[in-house]
Amino acid sequence: MGILDGAGVATRLPAQDLHRARRFYAEKLDLEPIDERPGGLLYRCGDADFALFESAGASPGTFTQMAFEVDDLRAVVDELERRGVVFEDVDLPAMRTVDGIAEIQGNYPTKLATGEYGAWFHDSEGNLLGIGQPIR
């Protein structure tokens, strides 16, 4: 067994404007912090935590920095679009979005899935967030 096999994992996302980020996560994603301190907000989704921290650095937003796994991706995408979230279009040889959702073959076979449906959007701070639904 490896030294970190049993460790929990938590994501840290930069925010240039923590107040703006808090509004985005509350209004668009229905998430409220479970804890806060000067310069940081802590959130919990399921059994995982993520934090937004005040940072002068800009987020590159060119890769998925955090993702949520859901049971009904279409319903989540539709609701978030209703709230004003804009989803990214992807047009790559192995993956292309149709109506905001891409089908990714072969992702995570250990989850007993043949692939995954995915969608991506930027938060108010430029962080690229993903939403996925395993294809079983």
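Everything that follows concerns the structure shown earlier in this document.
These remarks concern the structure in this document. (Residues numbered from 1 in each chain as written. Predicted model: local features only at pLDDT ≥ 70, side-chain atom pairs only at ≥ 80, totals over all residues. Heavy atoms only, no water.)

## Comments concerning the nonpolar core
Formed by 25 residues in total, the largest nonpolar core has its most connected members in Tyr 25, Leu 29, Phe 87, Phe 121 and Leu 129. Contributing elements (two or more residues each) for this core: strand 1 (10-15), helix 1 (18-27), strand 3 (40-45), strand 4 (48-54), strand 5 (66-69), helix 2 (73-82), strand 9 (115-122) and strand 10 (128-135). Grouped together as the second largest cluster of nonpolar side chains are six residues, Val 90, Met 95, Ile 104 and Leu 128 included. (Core = buried A, V, L, I, M, F, W, Y, C linked by side-chain atoms within 4.5 Å. Buried < 20%, exposed > 50% of the residue type's maximum accessible area, 1.4 Å probe, protein only. Helix = DSSP H or I, 4+ residues; strand = E, 2+ residues; numbered from the N terminus.)

## Some points on the pattern of salt bridges
The full count for this structure, using the stated rule, is seven salt bridges. Here Asp 49 and Arg 44 are joined by a salt bridge, their closest N and O atoms 2.7 Å apart. Connected through salt bridges with shared partners, the residues Asp 30, Glu 79, Arg 82 and Arg 83 form a single ionic network. (Salt bridge = Lys/Arg side-chain N within 4 Å of Asp/Glu carboxyl O.)

## Some thoughts on the sheet that holds strand 2 (residues 35-37)
The strand order across the open sheet formed by four strands is 1-4-3-2, and the pairing between neighbours is mixed. Each edge of the open sheet is held by one strand with a lone partner, namely strand 1 and strand 2. On average, adjacent strands in this sheet sit at an angle of 20° to one another, irrespective of strand direction. By the bridge criterion, six bridges tie strand 3 to strand 4 in an arrangement that is antiparallel. The residue of strand 4 that forms the bridge with Arg 44 is Asp 49. (Pairing = 2+ DSSP bridges. Axes fitted to C-alpha atoms, helices over the stretch in contact; angles between N-to-C directions.)

## As for the pairing of strand 4
Judged from the six bridges that link them, strand 1 and strand 4 form a sheet pairing that is parallel. Paired with Arg 12 across the strands is Ala 51, a residue of strand 4. Hairpin connection from strand 3 to strand 4: two residues lie between these consecutive antiparallel strands, with Gly 46 at a positive phi of about 60°.

## Brief notes about the side chain of Gln 133
Positionally, Gln 133 belongs in strand 10. Not counting the four nearest positions on each side in its chain, Gln 133 is found in contact with Val 70, Asp 71, Asp 72, Leu 73, Glu 116 and Tyr 117. (Contact = heavy atoms within 4.5 Å.)

## A closer look at the sheet that holds strand 5
The strands making up a sheet associate through backbone hydrogen bonding, with each pair oriented either parallel or antiparallel. A sheet is described by the order of its strands in space; here six strands give the open sequence 5-10-9-8-7-6, paired in mixed fashion. A strand with exactly one partner marks an edge of an open sheet, and here the two such strands are strand 5 and strand 6 (91-92). For strand 9 and strand 10, the ladder comprises eight bridges, and the chain directions are antiparallel. The residue bridging Ala 119 from the neighbouring strand is Ile 131, located in strand 10.

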